[in-house]
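An overview of the molecular structure
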Amino acid sequence: MAAALKHWRTTLERVEKFVSPIYFTDYNLRGRLYRDSCPVAALSSFLTPERLSYQQAVQQDFRSVQVGDHFGPTWWTCWFRVELTIPEAWVGQEVHLRWESNGEGLVWRDGEPVQGLTTEGEKTSYVLTDRLGEGDPRSLTLYVEVACSGLLGAGKGSMIAAPDPEKTFQVSRAELAVFHRDVYKLLVDLELLLGIAKGLGEDNQRSFQALYTANQMVNVCDPAQPETFPVAQALASRFFGQRGGESQHTIHAIGHCHIDTAWLWPFKETVRKCARSWVTAVQLMEQNPSFIFACSQAQQLEWVKNHYPGLYTRLQECACRGQFVPVGGTWVEMDGNLPSGEAMVRQFLQGQNFFLQEFGKMCSEFWLPDTFGYSAQLPQIMRGCGISRFLTQKLSWNLVNTFPHHTFFWEGLDGSRVLAHFPPGDSYGMQGSVKEVLKTVTNNRDKGRTNHSAFLFGFGDGGGGPTQTMLDRLERLCNTDGLPRVQLSSPGRLFSELESDAGQLCTWVGELFLELHNGTYTTHAQIKKGNRDCERILHDVELLSSLALARSTQFLYPAVQLQYLWRLLLLNQFHDVVPGSCIQLVVEDAMSHYEDIRSHGNGLLSAAAAALCAGEPGPEGLLVVNTLPWKRTEVLALPKPGGAHTLALVTVPSMGYAPAPAPTCQQPLLPQQPVFVVQETDGSVTLDNGILRVRLDPTGRLTSLVLVASGREAIAEGAVGNQFVLFDDVPLFWDAWDVMDYHLETRKLVLGQPGTLAVGTEGGLRGSAWFLLQLSPNSRLSQEVVLDVGCPYVRFHTEVHWQETHKFLKVEFPARVRSPQATYEIQFGHLQRPTHYNTSWDWARFEVWAHRWMDLSECGFGLALLNDCKYGASVRGNVLSLSLLRAPKAPDATADMGRHEFTYALMPHKGSFQDAGVIRAAYSLNFPLLALPAPGPAPAAAWSAFSLSTPAVVLETVKQAEANPLSRTLVLRLYEAHGSHVDCWLHTSLPVQEAVLCDLLEKRDPAGHLPLRDNRLKLSFSPFQVQSLLLVLQPPLD
Ligand SMILES: [Zn+2]
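Not measured: the values here are computed from a predicted model. (Residues numbered from 1 in each chain as written. Predicted model: local features only at pLDDT ≥ 70, side-chain atom pairs only at ≥ 80, totals over all residues. Heavy atoms only, no water.)

**Quick word on the overall build of the protein**
As a reminder, the rule being used: Strands here mean DSSP runs of E at least two residues long; helices mean DSSP runs of H or I at least four residues long; both are numbered from the N terminus. Both definitions apply: the radius of gyration is a C-alpha atom measure, and the globule rule equals 2.2 Å times residues to the power 0.38. Exposure categories follow from relative accessible area, calculated using a 1.4 Å probe and restricted to protein chains: below 20% of the type maximum is buried, above 50% is exposed, and the middle band is partly exposed. Using a 1.4 Å probe, accessible areas were evaluated by the Shrake-Rupley method; residue-level cover was limited to the displayed protein chains.
Per the secondary structure count, the protein includes 19 helices and 55 strands. In terms of overall dimensions, the protein is globule-like: its C-alpha atoms have a radius of gyration of 32 Å, near the 31 Å expected for 1038 residues. For the C-alpha atoms alone, the extent of the protein along its principal axes is close to 110 × 65 × 60 Å. Classification of the 1038 residues of the protein by burial places 60% in the buried group. Taken as a whole, the protein presents about 38,000 Å² of accessible surface, with 51% of it coming from carbon and sulfur.

The following block contains the structure:
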């Protein structure tokens, strides 16, 4: 037949109709995929609110059900017993169980999980036999465990809406069918050819070759005549066999399955999500020897180890073959902004040790594809944990600016560098389509610098993972002219290629700030408070337990309990938990986890304090403990018998203790000036401790804050501080996540009633004033403004009853300071961000995160704002603003409703914030002195374990070395906090036998021996450098 002119669109659509699952299925190729089918022999089910083990489930009473019956509600589980008999006539055929349901299913065969079945994840058939043999058994009983929730939970009406508790579920198909693999292969080819034709477009000749090949295949192929298929297949093979040139870009296709450890479903469901997803991946690995699957998050592996030991063994076997590749090195894929520096170290310490123990090696890539921004300290932390490679893609979500790289060196705060790669397809859930493969090449912003990219394929977020079809597509595209080369690969191979090619790569210095999801610094204030509290408790428990270990021969370091508590804290630093972007069920779990850490932690603190006291004579009563590495003199409320408290001014040496002053003794305040409190006739109150003079107007706003010695006013002229402001807070979609730039245009002052301000504590050791403020008809706030003797900052103890919808509460302090940049504390250091909106990069940071303090300074003077559990902040112009509470309604409709308690503090200072001691003040606010009951006589004299010769260095952590629970080796972690090169002497009163530097995983540095002279050792730091050392204690004397 003579060739004819062809119309592009009709030709394309002709092929589309030939493979369509919707149109012409009575006649087209798709309609021939499954031909013969028959119902299962018997279907029965058992419904339970519990997540039962297989052994428990199969003993229950199963009742007969029909396909199409409804079951539920949300979060329940329906177990199905599926009895089936394959017709004898199907001998020689490939037979599948076809199963479609809107709940997530897991097939169990002979007591073991064998495959996940989720319609959303395109897993709707289980292969019973790839060729039914003559004498094969044809009857079989399977169980299918169906969770009453989908891949992405059970949101009411929309994915991120709060879950619908009444949702019901259905199995819409359960049948046996003959699968025609020759039809399937043609479908895969035709879809790829269509993708190439569409993706390359009408300007490209290869596109026409693809389209005409597909058209010709349709011409020769008669769906009803399988004997016509090989000719069509040969046409496809000829096309795909036409090779590309040597310069082709190489795509490293890596199987992946992003499983949020908790998000729109509770932690317990994630345990099952892991099983469903990974058993499917294991099955694919066994059937496709070149398929490699990268898997992160030690916690999830530990869950599978405990709940599905058979599956875990298969995973370990796949790992031995190099097909299952543990990545990430962390306990969970944590939030990249909010966890403390020490907590980030522990993510790696717990994660890498787990991977080493379970899989024989540590991870060499940090893997965090889905986290809402990345701290500038991560490169140093990675390097200290044996990792020099980093993969994410989340910055592709930037709302304002396009990040300029996909492959680059990322340089952190201290100068540490890692090789960073963002898969240029901007996703971690690829399906293997031509469109995605082409985007990976065209979107790559480092063209010409590197010729390799990652391509992470598999359903993700709620699990699911890769499918056989994705693998078949990718293998077909291995090397075809007009397209990049595609190889099934591993993260290790990808990064090795990138490293060998790294000469031309650019460098990005500082944080990787995500220009989206900035509401997650504030949403769910109780989770944030729990996180900050528990970081403090574990710090204090480790320090006191270490000191007790060094001083008492009887004391057993609580290594096992601490590992358990740390892991619990790390779990809740997952990137949808600590950011507050999770459903109510997860919040309830998190709150109970924090309660666990608090109560266990406090028990461990008492035990360590008791061990410290033992054997020393002194008055019975209280031990006052300072867990920070500098001497502190502070006002402390000491418990009195009967539950009351009495204030005392106590001095406690650096990382040590002092006996509590006897309750009767009147302490001399000199040389300190007592606090004076004066209320004027107009209702305003002045608090003065000789360092600060604080003036509050009759509604509690700060009209003046003077540094007494210099007379310098810190509040901007004509302005007031401690001004509460409310904003309308309606994002575009991601409710709990996003606060948008336009919220700033809705700023409304909250004005109080004059006359509400009253004197609280009358002065002396402490002076205070308090007031009530109606924030709205439904929400109210009360605050006590407190000034202590000798204290360089004024504290604002705040309680809020919050009942709002889409409102954002902040407090503002306009400073009498001018600077184009403000400083914010981050992990193990601080960084500057602009106070202006000059460029799009500047204004995209209208809401940023900080840890315990932020500071606005000009030459010689500044104002710092400290906090004890907040993270959201901003400084615009001269106004420091702390973000306090939000009221999003999705995915948790109850988020942040109710009572909140938090403290912030204001510290004006002379000179730089470093010289003025802002960093120490912020630590003090967060680590109050502890008054711990001494069971016997408390020591009579004060004692210090460690001290440092410079305020530039912070001794952050003291803990027992991990290696051995009986070891008498301590780990100390210190960092340079000022941003300076500095030498530092560390003094210790502990009996140290040997001191040696180590990395963050506590591995000895062979060249790191530190000479000890007069109980002192010298360390040299560069700006923001973190150093760890091992102190081997002398053996006990008895
Ligand atoms: Zn995620």
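There is more to say, and it comes next.
**Focus: the packing of aromatic side chains**
Note the cut-off: To pair, rings of Phe, Tyr and Trp, with the six-membered ring standing in for Trp, must have centres within 6.5 Å; the planes then decide the type, stacked if under 30 degrees apart, edge-to-face if over 60, and tilted in the middle. In this scheme, Lys NZ or Arg CZ marks a charge over a ring once it lies within 6 Å of the ring centre and within 35 degrees of the ring normal.
A complete count under the given rule lists 44 aromatic pairs for this structure. For the ring pair F291 and F457, a centre distance of 5.9 Å and an interplane angle of 45° mean the geometry is tilted. Linking F291 in the loop between α6 (267-287) and β13 (293-295) with F457 in strand β19 (residues 452-457), this pair joins segments that are 166 residues apart in sequence. Given the relative accessible area of 0%, F291 is considered buried. Judged by relative accessible area, F457 falls into the buried class, the value being 0%. Three or more aromatic residues joined by ring pairs make a cluster, and in this case those are F46, Y54, F62, W79, W108, Y143 and Y308. One cation-aromatic arrangement involves K394 over W397; the distance from NZ or CZ to the ring centre is 3.4 Å. Positioned over the ring face of W849 is R833, at 5.4 Å from the centre of the ring.

**Quick notes on the pattern of salt bridges**
Applied cut-off: For this analysis, a salt bridge means a side-chain nitrogen from Lys or Arg found within 4 Å of a carboxyl oxygen belonging to Asp or Glu.
One pass over the structure, following the stated rule, counts 49 salt bridges. Residue D189 pairs with R476 through a salt bridge whose shortest N-O separation is 2.8 Å. With D189 in helix α3 (residues 181-200) and R476 in helix α12 (residues 468-476), the pair connects residues that are 287 residues apart, well separated along the chain. E286 is paired through a salt bridge with R314; the nearest N and O atoms lie 2.9 Å apart. With E286 in helix α6 and R314 in helix α8 (residues 309-320), the pair connects residues that are 28 residues apart, well separated along the chain. The exposure class of E286 is partly exposed, given its relative accessible area of 41%. Ionic contacts of the salt-bridge type, sharing partners, join the residues R51, E104, E145, E269, R272, K273 and R276 into one network.

**Points about the sheet that holds strand β54 (residues 1016-1021)**
Filter applied, for reference: Strands are treated as partners if at least two bridges between them are detected by DSSP. Structural elements are reduced to axes, namely lines fitted to C-alpha atoms, with helices fitted over the stretch in contact, and the angle between N-to-C directions of any two is expressed from 0 to 180 degrees.
Strand order in the open sheet formed by three strands is β48-β51-β54, with antiparallel pairing between adjacent strands. The two strands at the open ends of the sheet, each matched to only one other strand, are β48 (946-948) and β54. Each neighbouring strand pair of the sheet contributes to a mean axis angle of 25°, computed without reference to strand direction. As paired strands, strand β51 (residues 982-988) and β54 are joined by six bridges and run antiparallel to one another. Of the residues in β54, the one forming a bridge with D983 is S1020.

**Quick word on the coordination of the zinc ion**
Definition in use: Think of the donor list as every N, O and S atom within 2.8 Å of the metal, or within 3.2 Å for Na, K and Ca; water never makes the list, so a site can look incomplete. Only two sets of limits are used to name each site, 85 to 135 degrees for every angle of a tetrahedral four-donor site, and over 155 degrees for opposite donors with all other angles from 65 to 115 for a square planar four-donor or octahedral six-donor site, with any other site named irregular.
Every protein donor of the zinc ion is listed here as H258 (NE2), D260 (OD), D370 (OD) and H575 (NE2), and their distances to the metal cover 1.9 to 2.1 Å. Taken together, the four donor atoms coordinating the zinc ion span angles of 90 to 157° at the metal, a pattern that classifies the geometry as irregular. Donor residues binding the zinc ion come from one chain and are separated in sequence as H-x1-D-x109-D-x204-H. Placement of H258 in the loop between β12 (250-256) and α6 and of D370 in the loop between β15 (365-367) and α10 (378-384) is noted, with a sequence separation of 112 residues between them. Each of the two residues, H258 as well as D370, counts as buried.

**Thoughts on the pairing of strand β5 (residues 77-85)**
The pairing of strand β2 (residues 42-48) with β5 spans seven bridges and is antiparallel. Counterpart to S44 in the pairing with β5 is R81. Strand direction decides the pairing type here: β5 and strand β10 (residues 139-147), joined by nine bridges, are antiparallel. In the sheet register, C78 faces β10, and the bridge partner there is V146.

**Regarding the packing of helix α7 (residues 298-307) against helix α9 (residues 341-359)**
The angle between the axes and the distance between the axes are what describe a pair of packed helices. Let me state the cut-off plainly: Each angle gets one of four labels, with under 35 degrees taken as roughly parallel, over 145 as roughly antiparallel, 65 to 115 as roughly perpendicular, and the rest as oblique. Crossings are sorted by hand: turned counterclockwise from the far helix by less than a right angle, the near helix makes the crossing left-handed, and turned clockwise it makes it right-handed. Note on definitions: a residue-residue contact is assigned when non-hydrogen atoms from the two residues lie within 4.5 Å.
The geometry of α7 relative to α9 is characterised by a closest axis approach of 9 Å and an angle of 40° between their N-to-C directions. On the basis of the axis angle, α7 is oblique to α9. You can see that α7 and α9 cross each other, and the crossing is left-handed. Counted together, A298, L301, E302 and K305 of α7 and G351, F354, F355, E358 and F359 of α9 form the full contact between these two elements.

**Section: the environment of F18**
For F18, the position within the fold is in helix α1 (residues 8-19). By relative accessible area, which is 8% here, F18 ends up buried. Spatially, the C-alpha atoms of F18 and L865 are 66 Å apart, while their sequence positions differ by 847 residues. Those residues in contact with F18 that sit more than four places away from it in its chain are N28, L29, R30, L190, V218, C221 and P223.

**Let's talk about the packing of α7 against α8**
For the record, the criterion: Side-chain classes are defined by residue name, with Ala, Val, Leu, Ile, Met, Phe, Trp, Tyr, Cys and Pro counting as nonpolar, Asp, Glu, Lys and Arg as charged, and the others, Gly among them, as polar.
Between α7 and α8, the shortest axis-to-axis distance is 6 Å and the interhelical angle comes to 125°. Put simply, α7 runs oblique to α8. In contact with L301, V304, K305, N306 and H307 of α7, α8 contributes P309, L311, Y312 and L315. Considered class by class, the residues forming the contact of α7 with α8 number six nonpolar, two polar and one charged.

**Here's the deal with unusual backbone geometry**
With an omega of 0°, the peptide bond running from G72 to P73 counts as cis. Structurally, P73 can be placed in the loop between β4 (70-71) and β5. The omega angle of the peptide bond from A890 to P891 is 5°, so this bond is cis rather than trans. Tracing the chain through its elements places P891 in the loop between β44 (879-885) and β45 (898-910). With a phi angle near 50°, D110 is a residue other than glycine that sits in the positive phi range. For D110, the location among the structural elements is in the loop between β7 (104-109) and β8 (112-117). Residue D110 is classed as exposed on the basis of its relative accessible area of 70%. With a phi close to 50°, F828 is a non-glycine residue in the positive phi region. Structurally, F828 is set in the loop between β38 (821-826) and β39 (829-834). By relative accessible area, F828 is classed as buried at 4%.

**Some thoughts on the UniProt feature "domain: Glycoside hydrolase family 38 central" (unreviewed entry) in the protein**
Where we set the bar: UniProt positions are given in the numbering used here, feature names are shortened, and annotations may be inferred rather than shown by experiment.
Residues annotated in UniProt with the feature "domain: Glycoside hydrolase family 38 central" (unreviewed entry) correspond here to residues 515-594. Its end C-alpha atoms 30 Å apart, residues 515-594 is made of 64% helix and 0% strand.

**Quick look at the pairing of β12**
The two faces of the sheet receive side chains in turn, since in a regular strand these alternate between them. Burial analysis of β12 places seven of its seven residues in the buried class, which makes it a mostly covered element. Sheet analysis places β12 next to β19, joined by six bridges and oriented parallel. Among the inter-strand pairings, I254 is bridged to a residue of β19, identified as L456. Relative to strand β20 (residues 485-488), β12 is paired through four bridges, and the arrangement is parallel. When the bridges of β20 are listed, T250 appears paired with R485. Relative to β13, β12 is paired through two bridges, and the arrangement is parallel. Within β13, the residue paired with G255 across the bridge is F293.

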